[in-house]
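Next come the chains, spelled out residue by residue.
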Amino acid sequence: MLRTHKLGEADRIVTMLSRNHGKIRAVAKGVRRTASKFGARLEPFMVADVQLFEGRSLDIITQAESLGSYGAEITADYGSYTAASVMVETADKITDDDGSLQQYLLLVGALRSLARREHHSSVTLDSYLLRSLSIAGWAPSFVDCAVTGAPGPHTVFVAQLGGVVADEVAPPGSPRLELKTLELLAALLTGDWAVVESSDERHQNQASGVVAAYTQFHLERTLRSLQHVDRSTA
């Protein structure tokens, strides 16, 4: 479940990312009533098996069975909640009605990881964002030059050019990253958690800034939930 909003006095419109049918918007009737039999299963961060009745403009949810109850664990921790909020907002913006099985599996895995506290929420989010962008066709380069392909390592990072670039093609005043930060970014992209967990807070903070800039450049819009993310004690 990506997001919900109220409809009338007792209903909700639920936006979902499905495994095989892309994004779906459907009405959950009576779900805001206390006696609703599946209200909690249709909250953000939940994974459910949903049956729908085809309506004129919006489908109607007739049944929902829980597959992954991650909502309570995620919302109980502010860092996990804010990270998950960015994840579902990104998934909503980056996927279309045709959807993507890879994006679906990535999101479910990331929410599960947050709920289980497998890693700090901040690095889990950064890894998710880099992988989601890569699936969408915007894989960043953290070693070889993104413009010329010249072998790295290069330390100048330019989001608009696709990652690190050689000095001769770098725009004047472009920021340089420490090699440890670049190693961390590469590890976040590939899921090398041993490298991620051994990195220090300074490099994690620098990497987070790079990921945020790269994500918002390619989405061509601001992620409203990103400003609330808890980056402390990563």
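Values in this document were obtained by computation on a predicted structure and should not be read as measured data.

(A) Inspection of the overall build of the protein at higher detail. On a plain count of helices and strands, the protein comes out with 7 helices and 7 strands. Shown N-terminal to C-terminal, the secondary structure of the protein runs as helices and strands in the order β-β-β-β-β-α-α-α-α-β-β-α-α-α. Its C-alpha radius of gyration of 19 Å places the protein within 12% of the 17 Å reference for a compact globule of 234 residues. Its C-alpha atoms put the protein at 65 × 35 × 25 Å along the principal axes. Counting every position in the protein, which comprises 234 residues, the buried fraction comes to 47%. Considering only intrachain contacts with a sequence separation of at least 6, the fraction spanning at least 24 residues in the protein is 54%. Of the accessible surface of the protein, which amounts to about 11700 Å², a share of 49% is contributed by carbon and sulfur atoms.

(B) Here's a closer look at the environment of L182. Relative to the assigned elements, L182 resides in helix α5 (residues 179-190). Separated by 21 residues in sequence, L182 and H203 place their C-alpha atoms 8.7 Å apart. Not counting the four nearest positions on each side in its chain, L182 is found in contact with F142, H154, T155, V164 and L177.

(C) Just the environment of S85, in detail. Relative to the helices and strands, S85 is located in helix α2 (residues 78-94). Contact partners of S85, with chain neighbours within four places excluded, come to F45 and S225.

(D) Region of interest: unusual backbone geometry. Here the residue pair G152 and P153 is connected by a cis peptide bond, since its omega of 15° sits within 30 degrees of zero. Tracing the sequence through the fold places P153 in the loop between α4 (121-135) and β6 (156-158). At R117, a position not held by glycine, the phi torsion is positive, near 55°. With respect to the helices and strands, R117 occurs in the loop between α3 (101-116) and α4. The exposure class of R117 is partly exposed, given its relative accessible area of 40%.

(E) Summary view of the pattern of salt bridges. Tallied over the full model, the rule gives 6 salt bridges. In this structure, E89 engages K93 in a salt bridge whose closest nitrogen and oxygen atoms are separated by 3.9 Å. Placement of both E89 and K93 in helix α2 is noted, with a separation of 4 residues, approximately one turn of the helix. The exposure class assigned to K93 is partly exposed, which follows from its relative accessible area of 27%. Linking K180 and E183 is a salt bridge whose minimum nitrogen-to-oxygen distance equals 3.9 Å. Of this pair, K180 and E183 both sit in helix α5, 3 residues apart, which is roughly one turn of that helix. Relative accessible area serves as the criterion here: at 52%, K180 is assigned to the exposed category.

(F) Local environment of α4. Across its 15 residues, α4 extends 21 Å between first and last C-alpha, which sits within 8% of the 21 Å expected from 1.5 Å per residue. Judged by how many residues are buried, α4 sits mostly within the fold: 12 of 15 residues are covered. Among the residues of α4, those classed as buried are S121, S122, V123, T124, L125, D126, S127, Y128, L129, L130, S132 and L133. Looking at the buried residues of α4, the elements they touch are α2, α3, α5, α6 (193-198) and α7 (201-219).

(G) Representation of the packing of α3 against α4. Between α3 and α4, whose axes approach to 10 Å, the crossing angle comes to 175°. Relative to α4, the element α3 is oriented roughly antiparallel. Where α3 abuts α4, its residues Q102, Q103, L106, L107, A110, S113 and L114 lie against S121, T124, Y128, R131, S132 and I135. Residue composition of the contact of α3 with α4, grouped by class: 6 nonpolar, 6 polar and 1 charged.

Cut-offs applied
Residues numbered from 1 in each chain as written. Predicted model: local features only at pLDDT ≥ 70, side-chain atom pairs only at ≥ 80, totals over all residues. Heavy atoms only, no water. Helix = DSSP H or I, 4+ residues; strand = E, 2+ residues; numbered from the N terminus. Rg over C-alpha atoms; globule rule 2.2 N^0.38 Å. Buried < 20%, exposed > 50% of the residue type's maximum accessible area, 1.4 Å probe, protein only. Contact = heavy atoms within 4.5 Å. Areas by Shrake-Rupley, 256 points an atom, 1.4 Å probe, with all protein chains shown as cover. Salt bridge = Lys/Arg side-chain N within 4 Å of Asp/Glu carboxyl O. Expected span 1.5 Å × (residues − 1). Axes fitted to C-alpha atoms, helices over the stretch in contact; angles between N-to-C directions. Parallel < 35°, antiparallel > 145°, perpendicular 65-115°, else oblique. Nonpolar A, V, L, I, M, F, W, Y, C, P; charged D, E, K, R; others polar.

So far we have only geometry, and geometry alone does not tell us how the molecule works.
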